[in-house]
Amino acid sequence: MTTGQAWEQVKFDENGLIPAIVQDAVSKTVLTLAYMNKESLQKSLETKETWFWSRSRQELWHKGATSGNTQRIVSIQMDCDKDALVVQVVPNGSACHTGAYSCFAGELLPVEEAEAKAKQGSDRYAILGELEQLIAAREAERPEGSYTTYLFEKGVDKILKKVGEESAEVIIAAKNRDPQELRYEASDLIFHLLVLLREQKLPLDEVLSELERRR
C-alpha cells in the first residue's frame, strides 16, 4: 500500500481529528498521546517530524519548535479500524512539557507485587528492556548528578572509552578466574554497551534479531 492509498483510508472523527500514540522507536516506551488533523498529518509525512493539532489552543503545533525537543518519525501505522495512529519516533529530548522523558509516569492501577515478580520470572531478560528504557529517559531528561547523564554529555568518545575499559576489565576478571569480579565487570560492560546503543539510536531488538538470524 502506497502512502497515498493509506492517506485516503485514514478516518478522522467528527472534529476532524485522529489520536496519535507516539512511541520511542528504540526503547519502545510510549511517550505521549496527541491528536492530528489532516494538515498536521500531512506536515508530519512531509517533514518526517511530528506535528499535532492542539485542542486547547485550537492551532497547529510542531513538536519541539520552541523547546528543541523534536521527534524524528521512523514510521506511522494505522490500527485495524484506521481511526488511530501509532507514530514511532527518535526523540531529541523529552516528550513531556514537564521535562520528563514520557508523559506516562503516574500509575492509575499499580501492578501487584506478586504479579510483577511472576512477570519478571517469566522473562529472565526483562531487566535489559527496563534498563534500555531507563537509559533512554536519562538521555532525554539529563538529570543532574546522574552518571548516565555525564556519559551522554561527554559524548560518543567517552562512551567508547568506557566500553573499551570495561571490556578489558572483563578479560582481566576472566583471566583471574574470579566469578564475582567477572559478574561485576560483565554488568558494567553490558550497561555501557546499552548506553552506546542508545547514543547510536540502535534498538537492542535489532541486536537480538541479529543473534536470532545467526542461530
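Residues numbered from 1 in each chain as written. Predicted model: local features only at pLDDT ≥ 70, side-chain atom pairs only at ≥ 80, totals over all residues. Heavy atoms only, no water.

1. A look at the side chain of Thr70
With respect to the helices and strands, the residue Thr70 is situated in the loop between β4 (59-62) and β5 (71-78). If we skip the residues at most four places from it in the chain, Thr70 touches Glu49, His62, Lys63, Gly64, Val90, Pro91 and Asn92. (Helix = DSSP H or I, 4+ residues; strand = E, 2+ residues; numbered from the N terminus. Contact = heavy atoms within 4.5 Å.)

2. Observations concerning the state of the cysteines
As enumerated under the stated definition, the model contains 0 disulfides in all. Cys103 forms no disulfide, and the closest cysteine sulfur to it belongs to Cys96, at a distance of 3.7 Å. (Disulfide = S-S within 2.5 Å.)

3. Comments concerning the UniProt feature "domain: Phosphoribosyl-AMP cyclohydrolase" (unreviewed entry) in the protein
Listed under "domain: Phosphoribosyl-AMP cyclohydrolase" (unreviewed entry) in the UniProt record, and renumbered for this structure, are residues 33-104. Helix makes up 14% of residues 33-104 and strand 38%, with an end-to-end C-alpha separation of 9 Å. (UniProt positions renumbered as here; feature names shortened; annotations may be inferred.)

4. Looking at the pairing of strand β6 (residues 85-91)
Along any regular strand the residues' side chains alternate between the sheet's two faces. Most of β6 is tucked away: 6 of the 7 residues are buried. In this structure, β5 lies alongside β6, joined through 7 bridges in antiparallel fashion. Residue pairing in the sheet places Met78 in a bridge with Leu85 of β6. Connecting β5 to the next strand, β6, in antiparallel fashion are 6 residues, including Lys82 with a positive phi near 65°. (Buried < 20%, exposed > 50% of the residue type's maximum accessible area, 1.4 Å probe, protein only. Pairing = 2+ DSSP bridges.)

5. Brief notes about the side chain of His192
Looking at the element boundaries, His192 is found in helix α7 (residues 179-199). A distance of 2.8 Å separates polar atoms of two side chains, one belonging to His192 and the other to Tyr147. Setting aside residues up to four positions removed in sequence, His192 forms contacts with Tyr147, Leu151, Ile159, Lys162, Val163 and Glu166. (Polar contact = N/O pair within 3.5 Å; in protein donor to acceptor, adjacent residues only side chain to side chain.)

6. What to know about the domain arrangement of the protein
With domains assigned, the protein is organised as domain 1 (17-91) and domain 2 (121-208). A C-alpha centroid distance of 30 Å is found between domain 1 and domain 2. With 8 residues of domain 1 in contact, the opposing surface of domain 2 contributes 8 residues. Interface area, domain 1 with domain 2, both sides summed: about 640 Å², of which 56% is carbon and sulfur. Applying the counting criterion to the domain 1 and domain 2 interface returns 1 salt bridge. At the junction of domain 1 and domain 2, the tally comes to 1 residue pair in polar contact (both at pLDDT 80 or more). (Domains from an automatic or database assignment. Buried area = accessible area lost by both parts, 1.4 Å probe. Salt bridge = Lys/Arg side-chain N within 4 Å of Asp/Glu carboxyl O.)

7. Remarks on the packing of aromatic side chains
Taken as a whole and judged by the stated rule, the model has 3 aromatic pairs. Summarising the aromatic geometry, the rings of Phe52 and Trp61 are spaced 5.2 Å apart at their centres and angled 45° between planes, so their arrangement reads as tilted. Note on Phe52: relative accessible area 1%, which makes it buried. Three or more aromatic residues joined by ring pairs make a cluster, and in this case those are Tyr147, Tyr150 and Phe191. A cation over an aromatic ring shows up here: Lys43 above the ring of Trp51, its NZ or CZ 4.9 Å from the ring centre. (Phe/Tyr/Trp six-rings, centres within 6.5 Å; stacked < 30°, edge-to-face > 60°. Lys NZ or Arg CZ within 6 Å of the ring centre and 35° of its normal.)

8. Here's the deal with helix α2 (residues 38-47)
In an α-helix, one turn spans 3.6 residues; hence positions three or four apart end up facing the same way. What α2 keeps buried is the set Ser40, Leu41 and Ser44. Buried positions in α2, seen along its axis, are confined to an arc of 100° and lie on one side of it. The exposed set on the far side of α2, more than 90 degrees from its buried face, consists of Lys38 and Glu46. Measuring from the side-chain oxygen of the N-cap residue of α2 to the backbone nitrogen of Glu39 gives 3.2 Å; that N-cap residue is Asn37. (Arc of directions from axis to C-beta.)

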